[in-house]
Amino acid sequence: MTRSLTYFPAGRVSDYAVDTPATPTDPAQDDSEPFACKLITLPAPEPSPGSLVPLPAKKLAVFFRPDMGKFWAVNNICPHQGGSFAKGSLIDIEDFGIKWGVAVVCPLHSWSFHADNGECDRSRFVLDTHDVRVLSADGTTVEQKAGVIFSPDMSVEVSIEPKNKDVPGPRRDFGGVPLE
Ligand code: FES
């Protein structure tokens, strides 16, 4: 069943410029690809009827990989102990040289979570992942794929609802407060 998602502005493509390191890294020492990351705050959800406690606004870490022409968005808070993915990294998931996905890596203890389905490499915890779409000036959704050239003024939007709700497993985000 296809669920419809609602979207929230996450800036423009130009906000996801990738810094070029002043000193190129040694390819033999570093197999990570350059990426950009931006922190987005979603609107706070409506409190449930009768509740006096406001629900915290959720922050998403939005990643862009220019070599893949693709964006990902995940809950910024690591379900393990609250690390901030915005300070983490993005890696390829590969077996025997075959790349089959991308994972976000937490900066605190290096657990990694699949950037699309949210599954963890070391536990049953699941990380909320959100859809990201790129829109041209006329509102057309632009396909994300390797080789695509996005115009800097194109809009980036993230889904307010997680796209991986159907993936089973415990989730937690410590009230949205990162452990620094
Ligand atoms: S807090 Fe993220 S791996 Fe431990």
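The model shown is predicted, which means the values in this text are computed figures rather than measured ones.

Visitor: Help me understand the sheet that holds strand β7 (residues 112-114) in this model?
Guide: The strands that make up a sheet pair up through hydrogen bonds in the backbone, lying either parallel or antiparallel. In spatial order, the strands read β5-β6-β7; together these three strands make up an open sheet with antiparallel pairing. Each edge of the sheet is formed by a strand with only one pairing partner; in this case those strands are β5 (89-95) and β7. In this sheet, neighbouring strand axes are inclined to one another by 45° on average, regardless of whether the strands run parallel or antiparallel.

Visitor: Quick question: what am I supposed to make of the UniProt feature "domain: Rieske" (unreviewed entry) in the chain here?
Guide: Per the UniProt annotation, the sites labelled "domain: Rieske" (unreviewed entry) are residues 39-143. Helix makes up 0% of residues 39-143 and strand makes up 41%, while its end C-alpha atoms are separated by 23 Å.

Visitor: I'm lost on the environment of Pro 45 in this one. Help?
Guide: Structurally, Pro 45 can be placed in the loop between β2 (36-41) and β3 (59-65). Judged by the 12 C-beta atoms lying within 10 Å of it, Pro 45 is exposed. Separated by twelve residues in sequence, Pro 45 and Ala 57 place their C-alpha atoms 6.9 Å apart.

Visitor: Hey, could you run me through the nonpolar core in this one?
Guide: A general feature of soluble globular proteins is that nonpolar side chains tend to end up buried together. Of all hydrophobic cores here, the largest spans 32 residues; its most connected members are Val 62, Phe 63, Phe 71, Trp 72, Ala 73, Val 74 and Val 104. Taken together, the elements giving at least two residues each to this core come down to β3, β4 (70-75), β6 (98-105), β8 (129-135) and β10 (155-162). Here the element with the most residues in this core is β3; it accounts for five residues. Residues within four places of Val 104 in sequence aside, it is in contact with Phe 63, Val 74, Phe 85, Gly 88, Leu 90, Ser 112, Phe 113 and Ala 115.

Visitor: Just checking my understanding: could you explain the pairing of β8 for this structure?
Guide: With two bridges joining them, β4 and β8 adopt antiparallel strand pairing. Each residue of the ladder has a partner; that of Val 74, found in β8, is Thr 129. Summarising the sheet, β8 and β10 pair through five bridges and their orientation is antiparallel. Bridge pairing links Arg 133 to Glu 157 in β10. In this sheet, strand β9 (residues 141-142) lies alongside β8 in antiparallel orientation, the contact comprising two bridges. Considered in β9, the bridge of Val 134 is made with Val 142.

How each quantity is defined
- Residues numbered from 1 in each chain as written.
- Predicted model: local features only at pLDDT ≥ 70, side-chain atom pairs only at ≥ 80, totals over all residues.
- Pairing = 2+ DSSP bridges.
- Helix = DSSP H or I, 4+ residues; strand = E, 2+ residues; numbered from the N terminus.
- Axes fitted to C-alpha atoms, helices over the stretch in contact; angles between N-to-C directions.
- UniProt positions renumbered as here; feature names shortened; annotations may be inferred.
- Buried ≥ 20, exposed ≤ 12 C-beta atoms within 10 Å, placed from the backbone.
- Core = buried A, V, L, I, M, F, W, Y, C linked by C-beta atoms within 7 Å.
- Contact = placed C-beta atoms within 7 Å.

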